[in-house]
Every structure is written in structure tokens, then in C-alpha cells.
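Each chain is listed here by its residues.
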Amino acid sequence: MKVKNLNERQRKVLDACFDGWFMSGEYRAIFDDHERHFSADSPVILFKDVDRWYASHEANHGDSHLLVKCVKAA
């Protein structure tokens with residue numbers, strides 16, 4: 001993954017994931033009225049999972065603020 005090749009949505013997700021990264025464990029991603037939990041061993045894995053999920057909502061929520069935070073460290 002090269003940061004310079006990311007589109008605007010991917011950059012937004014990457015920033016949220018790296019800002020919320022603590023260590024391996026369970027993470028929660030939230031925007032508007034949507035929430036989902038993810039398990040990740042690295043920030044790159046977290047980014048890929050959150051990006052797939054967020055991309056599926058991008059058409060209706062692309063301008064929404066995305067928050068990713070650790071809820072349980074491994």
C-alpha cells in the first residue's frame with residue numbers, strides 16, 4: 001500500500017485507523033448511525049477491513065466523520 005496512490009476516501013480511512021491505532025485487539029469504527037467492530041493485528045489489516053466497510057457506505061455518507069478506536073487490546 002502506497003499512501004501517495006490512495007484516493008480521498010482511502011486517505012480518510014487510513015488517517016482514522018492510524019489515529020485510533022493502539023495495538024493488536026478489537027477496534028470499533030463509527031460514522032453517523034453506523035458502527036462495526038473489527039479485530040486486527042496491524043494498522044494495515046485494520047485499514048483494509050475498515051476501508052471495505054466504509055466504501056460500501058460512501059455514496060450516502062462520504063462526507064461523514066469517521067472515528068476508529070481501540071476497545072479491547074489483545
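What counts and what doesn't
- Residues numbered from 1 in each chain as written.
- Predicted model: local features only at pLDDT ≥ 70, side-chain atom pairs only at ≥ 80, totals over all residues.
- Heavy atoms only, no water.
- Phe/Tyr/Trp six-rings, centres within 6.5 Å; stacked < 30°, edge-to-face > 60°.
- Helix = DSSP H or I, 4+ residues; strand = E, 2+ residues; numbered from the N terminus.
- Buried < 20%, exposed > 50% of the residue type's maximum accessible area, 1.4 Å probe, protein only.
- Expected span 1.5 Å × (residues − 1).
- Arc of directions from axis to C-beta.
- Contact = heavy atoms within 4.5 Å.
- Polar contact = N/O pair within 3.5 Å; in protein donor to acceptor, adjacent residues only side chain to side chain.
- Salt bridge = Lys/Arg side-chain N within 4 Å of Asp/Glu carboxyl O.
- Pairing = 2+ DSSP bridges.

**Considering the packing of aromatic side chains**
Taken as a whole, this structure holds four aromatic pairs when the rule is applied. Pairing Phe31 with Tyr54 gives two aromatic rings, centres 4.9 Å apart and planes at 85°, and the pair type is edge-to-face. With Phe31 in strand E1 (residues 25–31) and Tyr54 in helix H2 (residues 43–55), this residue pair connects regions lying 23 residues apart in the sequence. Overall, Phe31 belongs to the buried group, its relative accessible area being 1%. By the ring-pair criterion, three or more aromatic residues cluster together here, those being Phe31, Phe38, Trp53 and Tyr54.

**Observations concerning helix H1 (residues 8–20)**
In this model H1 runs 18 Å from its N-terminal to its C-terminal C-alpha over 13 residues, within 8% of the 18 Å that 1.5 Å per residue would give. Residues of H1 that are buried include every one of Arg9, Gln10, Val13, Leu14, Ala16, Cys17 and Gly20, and no others. Projected down its long axis, H1 shows its buried positions confined to an angular sector of 165°, all on one face. Along H1, the residues that are exposed and aim more than 90 degrees away from the buried face are Glu8 and Asp19. Buried residues belonging to H1 abut E1, H2, helix H3 (58–61) and strand E3 (67–73). Looking at where H1 begins, the residue whose side-chain oxygen comes 3.1 Å from the main-chain nitrogen of Arg9 is Asn7.

**Thoughts on the pattern of salt bridges**
Evaluation of the coordinates by the stated rule reveals five salt bridges. Of the charged contacts, one joins Asp51 and Arg9 as a salt bridge, the two residues approaching to 2.9 Å between their closest N and O atoms. Linking Asp51 in helix H2 with Arg9 in helix H1, this pair joins segments that are 42 residues apart in sequence. Through salt bridges with shared partners, a single network forms among Arg9, Asp51 and Glu58.

**Here we look at the pairing of strand E2 (residues 34–40)**
As paired elements, E1 and E2 share seven bridges and run antiparallel to each other. Following the sheet pairing, Gly25 is matched in E2 by Ala40. Between the antiparallel neighbours E1 and E2 lie two residues, among them Asp32 with a positive phi of about 45°.

Limitation: the analysis is restricted to geometry and does not speak to function.
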